[in-house]
Amino acid sequence: MDFGVLGPIAAWQDGKSVPVGGPRQRCVLGVLLVELGKEVTVERLIDLLWDGDPPRTARSIIQVQVSHLRRSFPGLIQTTAGGYLAQTDPDQVDLHRFRNLAARAQERGVTEEATVLWEEALACWRGQPFSGTGSELLWYTVCQPLLEERWAAVTAWAEVDFALGNHVELAARLTPLVRKDPLRERLHFLLISALYRSGQRLTALSTFHEVRKALAEELGVDPGRDVMELYERMLHDHDTDSVAEAAREEPPETASPPAKAETVSPGLSDGQSAHNDLPRNDLPRDIPDFTGREADLDRILEIGARGEERAEVCVITGPGGTGKTTLAIHAAHRLADRYPDAQLFVDLYGHTVDQEPVTARTALASLLRAIGVAPGAIPDDTDERAALWRASLAGKRVLVVLDNAATSRQVLPLLSAAAGSLTIVTSRHDLAGLSGTRYVALGMLDTETSVDLLTAVLGVERVGREPDAVRRVVALCGGLPLALRIVAGRMLSRPRWTFRHVEERLGQQHRRFHELRIEGQSVEAVFELSFQSLNAEQRETFLRLGLMIGGSVDLYGAAALIDRDPPDADDLIQELVSVCLVDEQGVDLYRFHDLIGAYARHRAFQELDEEEIAESRRRLGAYYLRAAQRATEWLGPRAHDYVVEEPADSRYREEWRSQTEALEWFDKHRENLASMVGYYAESRQGRNAWQLAHALWRFYARYGQTELWLSTHEQALDASRADDDDMGSAVTLVGLGIAHCLSGRLDSALALLEEAREIFVRLGDESGVIRVVANLAVVYERMGRYEKSAAALSRTVDYAVSTQDRALEAIQRTNLGVLHQAMGNFDEAVRQCEAVLRIADGASTSDQAVALRTLGEVNTRRGDYATAREQLERALRFFLDSSDTTGEIYTRNNLGCVLRETGDIEGALAAHRLALELGEKTAQRSAEAEVLNDLAVTYARAGRYAEARSSHEEALDLARDRNERYAEAKALAGLAALPASTVPADEARSLLSEAAEIFAELGVPEAQEAAGELKRREG
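Described in the following lines is the structure provided in the data block. Being a predicted model, the structure only gives us computed values, none of them experimental. (Residues numbered from 1 in each chain as written. Predicted model: local features only at pLDDT ≥ 70, side-chain atom pairs only at ≥ 80, totals over all residues. Heavy atoms only, no water.)

1. Quick look at the overall build of the protein chain
Each helix and strand counted, the protein chain has 46 helices and 17 strands in total. For the protein chain, the spread of C-alpha atoms along the three principal axes comes to 115 × 80 × 55 Å. For the protein chain, the proportion of its 1019 residues judged to be buried stands at 56%. If you take every contact in the protein chain between residues at least 6 apart in sequence, the share linking residues at least 24 apart comes to 67%. (Helix = DSSP H or I, 4+ residues; strand = E, 2+ residues; numbered from the N terminus. Buried < 20%, exposed > 50% of the residue type's maximum accessible area, 1.4 Å probe, protein only. Contact = heavy atoms within 4.5 Å.)

As structure tokens, then:
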């Protein structure tokens, strides 16, 4: 039985066609045959058939298709642990027969036998692979790579046929082939050369113009240097042998184009060189819409504008697609006048499809010919060529662009030693072996520059129509210039396309790389070249890093992903940093550029099996979970005692010596940790999800990261409920309740905490119940239900004393002191706070700071401003040392009140404003209404009544929105106290009446004051 995938999926028995089935069945068979002898998972088949949007019955449909295929082709398909594999003689499948013939042809070199083998290989093709089957993803991941193999074979056959002198036949056979893909530039070069070599000069010139027109219309570029020099030679050089020499890739001399015929003087003796009256200028065309990179361009121009004391070398590095060549060429054109003796350009093919990197020996031959050295005078030895190159440039000002370099070794012999010369090198590697070099490292374009690039290509009007959609498209392109130019190119040829439409196409993860390709250019192909240049260890590291959860990973997390000790992992990752595939954000912190990360994930899921992927991510998750548990211990005692079941390898253990270091770790990973909770929830690891979420809430609370707090806990709650995990649900409900409370959603907080209490009661978990009661006390206090709050806090203090939990006692006495201060029970507030300061073995620094702050507030209310200031300043030092922004906000505001009462109005205003700015900066908004009310009072004391009214009104809106009753009443009373010129008397009485009612309901001292004032005004 023979099978075919290089065209419509087919099968033959003794030369007769055998039915294969419908499109889905053909697709399944084709994929298994492409991966002959390898497992194809069911998930992979589902993706290829339905483009990531399968029906619920997809797995069953696959099973049915396989069953039918087994009946048609007994013994072909085997079941594996995760899917299926096809097993048959490779020569019975046209694809593998094609590959075998191509490999044999490659081994034969430039021989007639090789030509025959190449032709046999190409004869295996019957048309478009998988014609009429599959999905976009199938085309993108399977069909397109197969077609590229075919074009590579066509090119290799044409190279051999040309070298053997079969010019007439080659021209006839290439003409229809190249019209199928007009952007295959090497084939056009061979076709034009074959036409010219066979005496068809006019046809060759006509073909050149067709190629030039096609490239201009499709990509807005001219043909490459090889084709342009061939055209010049056809116009001016009637020696067809030189054309044949240019086309032949016979190592080492002919890998780069020879010099123009005019540059060589026929009378030169060995070792001599001659120059035309006009200097040699090989620079490719500068693009007219060069945009951005101003700082990088200025750096290169500054290097090029230096004096004549040394030979300058500038290396431009960066990932593929960042515009290194474009920048180098643009800078070279700007600098051309400073280098009048020559401006040379050599493509070293460091990362080029179907092209081995040019050796230094070959590049030197090309450069020497370019400056006029006769071919016969060029030595054979590389070192001798390098010496001649350096000697020939002595006393001359020459600019050389070495594009697409692979290694330092490739570049070093090509560097000029002549003072006043400039060599610009572009490379995806950092070329650390080049000493005395100036480096320009290219990153991605920022949003504004990316928009400018699109505007330069598409025009102001089109880009200006959809500013928001434009920015979203820019974000999806990740600021990669190649991606942006591909988008711009596609939109230029499709005037009806909107940016919203492009956004939708790019937003589909499985289609993104499909969208980011245009004939002759592909983001994926650029990344693929870099990937293929890696060794096996580097590839494995790259793929494993592609499995990271979140946008970055530190050294310990990376070591966990790739299952190496941190020092070994560091060595491997630094190798990827050196080739610009990984960014080093900070010390031991790594990330991918967005599109490189997408490519890494795509390749990882292609090349690693499900078990490998799951195990890598399990190790990373274990590191995050254990580290978060240890780090959160620096922020306060764990509220619930439970066993963390996920083991962590001690090799990946992060250690902290202070609370500051633990906070820095949380800050560095805040997004990654949230993503890890999401991963756990999505992969049905509910216990890990809620335990990690619970380890994060103190950090999120401290820095006002409410959105992350809510999202992690909501996901963890869903996962816990799906697992019927009551403990996980209860613990997470408490965390959600606290988050809603601090966000001002007090009714929601109350409901969530009551639900958590019911579960803890059902579980018989008394400590859990007490934690809920303590948090209910906070909600009650915010709602102005002070008596209920005091009762709840007293219960928690009693529990802490009975269980000898000194830490819990300190926390709850602190809260009780704050509450009594608000209620005006100053003696009780002082008693509770002083008790906290005496609990030396249990009270945390934070508890002591809050106690001091509360004592400072009490003394402010009592008029003892000197003592109050001393206590508040001591508290502030504690909060600053522990990076407690919430405590700092309240304390600075309270200091503002003290300064106001002691006559320092400007100092008071500065303190209030700083408190507001801190809240804005860190998203800590819980104190905002209180601070605005105190700021308003200070404004009023300064006679700035309009500003006082504005601040009170803003506080009133916030308090009502958050149901903060005390702050609401304070704002109403403050407005009522302003002069009649600011708040009319009738309005003021109404406001004061409302305030008095709320104060009375709360049972605070202000109730009596407000009632007395209201009576006075009404009387």
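This is not the end of the story, as more comes after the structure.
2. Concerning the side chain of Ser-421
The topology assignment puts Ser-421 in the loop between helix 16 (408-411) and strand 11 (422-427). The class for Ser-421 is buried, based on a relative accessible area of 2%. At 2.6 Å, the side chain of Ser-421 forms a polar contact with the backbone oxygen of Ala-418. (Polar contact = N/O pair within 3.5 Å; in protein donor to acceptor, adjacent residues only side chain to side chain.)

3. Details of the packing of helix 6 (residues 136-163) against helix 7 (residues 167-180)
Viewed as axis vectors pointing N to C, helix 6 and helix 7 meet at an angle of 160°, and their least axial separation amounts to 10 Å. By the criterion of interaxial angle, the relationship of helix 6 to helix 7 is roughly antiparallel. In terms of crossing hand, the pair formed by helix 6 and helix 7 is left-handed. Counting all contacts with helix 6, which are made through Arg-150, Trp-151, Val-154, Trp-157, Ala-158, Asp-161 and Phe-162, the residues of helix 7 involved are His-167, Leu-170, Arg-173, Leu-174, Leu-177 and Lys-180. For the contact of helix 6 with helix 7, the per-class residue count stands at eight nonpolar, one polar and four charged. (Axes fitted to C-alpha atoms, helices over the stretch in contact; angles between N-to-C directions. Parallel < 35°, antiparallel > 145°, perpendicular 65-115°, else oblique. Left-handed = near helix turned anticlockwise from the far one by under 90°. Nonpolar A, V, L, I, M, F, W, Y, C, P; charged D, E, K, R; others polar.)

4. Details of the packing of helix 38 (residues 845-862) against helix 40 (residues 885-901)
Relative orientation of the contacting elements helix 38 and helix 40 amounts to 20°, with a least axis distance of 10 Å. With respect to their mutual orientation, helix 38 and helix 40 come out roughly parallel. Our pair here, helix 38 against helix 40, has a crossing hand that is left-handed. The segment helix 38 lies against helix 40, with Arg-853, Glu-857 and Thr-860 engaging Gly-887, Tyr-890, Thr-891, Asn-894 and Val-898. Considered class by class, the residues forming the contact of helix 38 with helix 40 number two nonpolar, four polar and two charged.

5. Considering the environment of Leu-29
With respect to the helices and strands, Leu-29 occurs in helix 1 (residues 23-34). It is 67 Å that separates the C-alpha atoms of Leu-29 and Leu-880, two residues lying 851 residues apart in sequence. Apart from the residues lying within four places of it in its own chain, the contact partners of Leu-29 are Phe-3, Ile-9, Val-20, Leu-69, Phe-73 and Leu-76.

6. A few points about the packing of aromatic side chains
Summed over the entire model, instances satisfying the criterion amount to 19 aromatic pairs. Ring plane angle 45° and centroid distance 5.7 Å describe the contact between Phe-531 and Phe-542, whose orientation is recorded as tilted. One end of the pair, Phe-531, is in helix 23 (residues 523-532); the other, Phe-542, is in helix 24 (residues 536-545), and 11 residues separate them in sequence. For the residue pair Phe-531 and Phe-542, the accessibility class agrees, reading buried in each case. (Phe/Tyr/Trp six-rings, centres within 6.5 Å; stacked < 30°, edge-to-face > 60°.)

7. Quick word on a negative patch on the surface
Negative charge collects at one region of the surface, where Glu-39, Asp-609, Glu-610 and Glu-611 lie side by side. Topologically, Glu-39 is positioned in the loop between helix 1 and strand 4 (40-41). (Patch = residues over 30% accessible without salt bridge, like charges linked within 9 Å, V, L, I, M, F, W, Y side chains within 5 Å. Areas by Shrake-Rupley, 256 points an atom, 1.4 Å probe, with all protein chains shown as cover. Salt bridge = Lys/Arg side-chain N within 4 Å of Asp/Glu carboxyl O. Lys, Arg positive; Asp, Glu negative; His and termini not counted. Charge placed at Lys NZ, Arg CZ, Asp CG, Glu CD.)

8. Remarks on the pattern of salt bridges
Going through the model one piece at a time under the given rule, you end up with 56 salt bridges. Asp-583 is paired through a salt bridge with Arg-591; the nearest N and O atoms lie 3.5 Å apart. What makes Arg-591 partly exposed here is its relative accessible area of 23%. A salt bridge links Arg-1016 to Glu-1013, with the shortest nitrogen-to-oxygen separation between them at 2.6 Å. Here the residue Arg-1016 and the residue Glu-1013 both occupy positions in helix 46 (residues 1006-1018), the gap between them amounting to three residues, near one helical turn. The exposed category is assigned to Arg-1016, whose relative accessible area is 56%. Through salt bridges with shared partners, one network takes in Arg-960, Arg-965, Glu-968, Glu-994 and Glu-1001.

9. Remarks on the sheet that holds strand 1 (residues 2-4)
Across the sheet, three strands lie side by side as 1-2-3; this open sheet has antiparallel pairing. The outermost strands of the open sheet, each flanked by one partner alone, are strand 1 and strand 3 (16-17). One ladder, built from two bridges, connects strand 2 (residues 10-13) with strand 3; its direction is antiparallel. Within strand 3, the position partnered with Gln-13 by the bridge is Lys-16. (Pairing = 2+ DSSP bridges.)

10. Focus on the environment of Ser-951
The residue Ser-951 is located in helix 43 (residues 945-962) in this model. The buried category is assigned to Ser-951, whose relative accessible area is 7%. Separated by 16 residues in the primary sequence, Ser-951 and Leu-935 place their C-alpha atoms 7.0 Å from one another. Among all residues touching Ser-951, those that are not within four sequence positions of it are Leu-932, Leu-935, Ala-936 and Tyr-939.

11. Some points on the sheet that holds strand 4
Judged by pairing direction, the sheet is antiparallel, and its three strands sit side by side in the order 4-6-5 without closing on themselves. The sheet is open, and its two edges are formed by strand 4 and strand 5 (77-79), each paired on a single side. Here strand 4 runs beside strand 6 (residues 83-86); their pairing, made up of two bridges, is antiparallel. By the bridge assignment, Thr-41 is partnered in strand 6 with Gly-83. Lying on the sheet, helix 1 is in contact with strand 4, strand 5 and strand 6; it crosses strand 6 at an angle near 65°.

12. Observations concerning unusual backbone geometry
In this model, Tyr-349 sits at a positive phi of 55°, which is unusual for a non-glycine residue. Along the polypeptide, Tyr-349 turns up in the loop between strand 9 (342-347) and helix 14 (360-370). If you check the backbone angles, Gln-804 has positive phi at about 55° while not being a glycine. Position of Gln-804 among the secondary structure elements: in the loop between helix 35 (786-802) and helix 36 (806-823). Take Gln-804: its relative accessible area is 68%, and that puts it in the exposed class.

13. Let's talk about the pairing of strand 9
Across the six residues that make up strand 9, a large majority, six, are buried. Burial along strand 9 is two-sided: the residues Ala-342, Leu-344 and Val-346 and Gln-343, Phe-345 and Asp-347 are all buried. In this sheet, strand 9 lies alongside strand 7 (residues 280-281) in parallel orientation, the contact comprising two bridges. Each residue of the ladder has a partner; that of Asn-281, found in strand 9, is Gln-343. Inspection of the sheet shows strand 9 paired to strand 10 (residues 398-405) by six bridges, in the parallel sense. Its bridge partner lying in strand 10, Val-346 is registered against Leu-402.

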